Amino acid sequence: MPTYQAPRGMRDLLPAEAAAFDALQAVIQARALRYGYPRLGTPIVEDAQVFLRAVGETSDVATKEMLEVSLHGAGGLVLRPEGTAAVTRAYLEHGLHRSPQPQRFFYFEPMFRGQRPQLLRYRQFWQWGLECYGAAEPGADLEQIEFTAALLAEVGLTEYTLKVNTVGETAAQPKIRQALKEYFERYRAELDDDCKARLDSNVLRIFDCKNPNDRKIAQGAPKLRDLVSDADKTHFAAVVDGLDRLGVAYEVDERLARGFDYYTRTVFECHLTNPAFTKAGEIAVAGGGRYDGLVRTMGGPDTAGVGIAGGVDVLYYALKEQGVAVAEEPRADVYVLSAQSDDGADRLQLAGPLREAGFSVAIDYSTRSLERQLESAVKHGAKVAVIRGTPEARGGNVIVRDLAKKVQRVTRLAAVVVEVGRHVPKRPKPRLESGPNPDEHEPGAAGEGPYLGDGEKE
RNA sequence: GCGGCGUUAGCCUAGUGGUUAAGGCUCCAGAUUGUGGAUCUGGCGACACGAGUUCGAGUCUCGUACGCCGCCCCA
């Protein structure tokens, strides 16, 4: 009787999907580390003001789409709706703005939104993200865009397009909004109700309108690129030029504007292009941009910043749609069976050395017939059965049976680990500390010079 | 948050006012505890929840929850 259900828009990650998420996190986090972005964790709950300040109090996120948390009746806390504001809060709270700049961070966390769920828009969703503080140069923008392109290529996502645009520096934004407002104000009577509202709330969003007539009006609007400052133009030109040189495919989309107020200059998004997703409008698998005014808005010094966030759920389903195998539900490779009854501890003792050696081992504790136990082992996906039969147990032996090849041999207890190793691989054991990288080539093989200490001359 | 459409067992499906709600898959247990995915036999298990209409509701009406789609918005 399904009396209890997961809350609306939230779902369980069953082992297969959880394994896929783990695999995605491992790939993304390893790349982040390679780019010099260590992971930073922030609480799932934050003071609502953190986000209200950052994203702009008028945006919809602020007004109605955050999930509030009640703590003994006191309000003011919300479930984290996005990463950038939270990471920025941590950056300032811990004085990281007084550490050598730039500071780079990676995160991989669940986020929450309050709207009704739709295709790939859950109330709890996972995002990975990068933040870089204290680098105003276009190279920092490029770094993150290149990261994303390389990441998506690594995991095998091909059905997407990268769009880039510039929305101008902080100082230029009021002027830009003013110019657009003046333009659209002339057509106010012709705009549909939604766009009339956008005219007052967020003019930039009129460019996203689906109404054909409004689109026509929007085509004649002043171009963002003409409205931004000369410095903005130089910055954007450097980004675009860099993408060309790096061989990253992109489109300049004059209409691209992101939802949060904190974006300045470069904005970018990766949109899915598979029809299964475009039918639901534009779904972004990653997106981000520069936020040169955010740190100051949050109470810190004038600090440039740039960030990107990607949807893990979106990426996972997009890969599935493309037929990319992500990860399988992990199964125990080895099953321990026994014909003896009440020998649970013996079965555990049998499994122990195998587990310590790195094999994944599950145990059948039942007293069912060997036939049943073998059937169960196969159904659970085991590749090898270690069978404790009566005569073998008496002689200190077990049977190691390869369930796929249907071959087996009697093995001394001391040799079980070696014998099992002939049929299935060990799982990598994680370590608490990582050691130094081994040198992968002979010294001098790449034509490098000898090591010299300070003061030595070649 | 607004609107439309849905919800029968773990999964898929039948059942449009009248016995005890049917079937397939899965799962569990057996087919005399030494060798497996098959087969056979048996078993567990559902009308999302709550009201209402009716002699009688899985079936009609309303509300709630959840899902899908659209809108708003997009992280």
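So, here is what we can say about the structure in this document. (Residues numbered from 1 in each chain as written. Chains lettered and ligands numbered in written order. Predicted model: local features only at pLDDT ≥ 70, side-chain atom pairs only at ≥ 80, totals over all residues. Heavy atoms only, no water.)

This brings us to the side chain of Thr264. For Thr264, the location among the structural elements is in strand E8 (residues 264–272). Beyond its immediate stretch of four places on either side in the chain, Thr264 contacts Val167, Gly168, Glu169, Thr170, Gln173, Arg290, Tyr291, Asp292 and Gly293. (Helix = DSSP H or I, 4+ residues; strand = E, 2+ residues; numbered from the N terminus. Contact = heavy atoms within 4.5 Å.)

Further remarks concern the sheet that holds strand E1 (residues 45–47). The sheet built from three strands is open, its strands ordered E1-E3-E2 with antiparallel pairing. Strands at the two margins of the open sheet, each flanked by one partner only, are E1 and strand E2 (68–71). Sheet twist, expressed as the average angle between the axes of neighbouring strands with direction ignored, equals 50°. Summarising the sheet, E1 and strand E3 (residues 74–79) pair through three bridges and their orientation is antiparallel. Residue pairing in the sheet places Asp47 in a bridge with Leu77 of E3. (Pairing = 2+ DSSP bridges. Axes fitted to C-alpha atoms, helices over the stretch in contact; angles between N-to-C directions.)

Another point: the nonpolar core. Judged by nonpolar contacts, the single largest core of 50 residues is most densely connected at Leu180 and Phe184. Looking at this core, the elements that each hand over two or more residues are helix H2 (48–55), helix H4 (83–93), strand E4 (103–112), strand E5 (124–133), helix H6 (173–185), helix H7 (193–201), helix H8 (212–219) and helix H12 (294–297). Residues within four places of Leu180 in sequence aside, it is in contact with Val203, Leu204, Phe207, Ala221, Pro222, Leu224 and Leu227. Residues Phe147, Leu152, Val248 and Cys270 belong to the second largest nonpolar core, which totals 46 residues. (Core = buried A, V, L, I, M, F, W, Y, C linked by side-chain atoms within 4.5 Å. Buried < 20%, exposed > 50% of the residue type's maximum accessible area, 1.4 Å probe, protein only.)

Time to look at the sheet that holds strand E13 (residues 384–388). Ordered in space as E12-E11-E13-E14-E15, the five strands form an open sheet in which the pairing is mixed. For this open sheet the edge positions go to strand E12 (361–363) and strand E15 (407–412), each flanked by a neighbour on one side alone. Between one strand and the next, the sheet's axes are offset by a mean angle of 25°, whatever the strand orientation. With five bridges joining them, strand E11 (residues 334–338) and E13 adopt parallel strand pairing. Along E13, the bridge assignment pairs Tyr335 with Ala385. In this fold helix H14 (residues 344–357) packs onto E11, E12, E13 and strand E14 (397–402), with an angle of close to 175° to the strand it touches most, E12. Lying over the sheet, helix H15 (residues 370–379) contacts E11, E13 and E14, oriented at roughly 170° with respect to E11.

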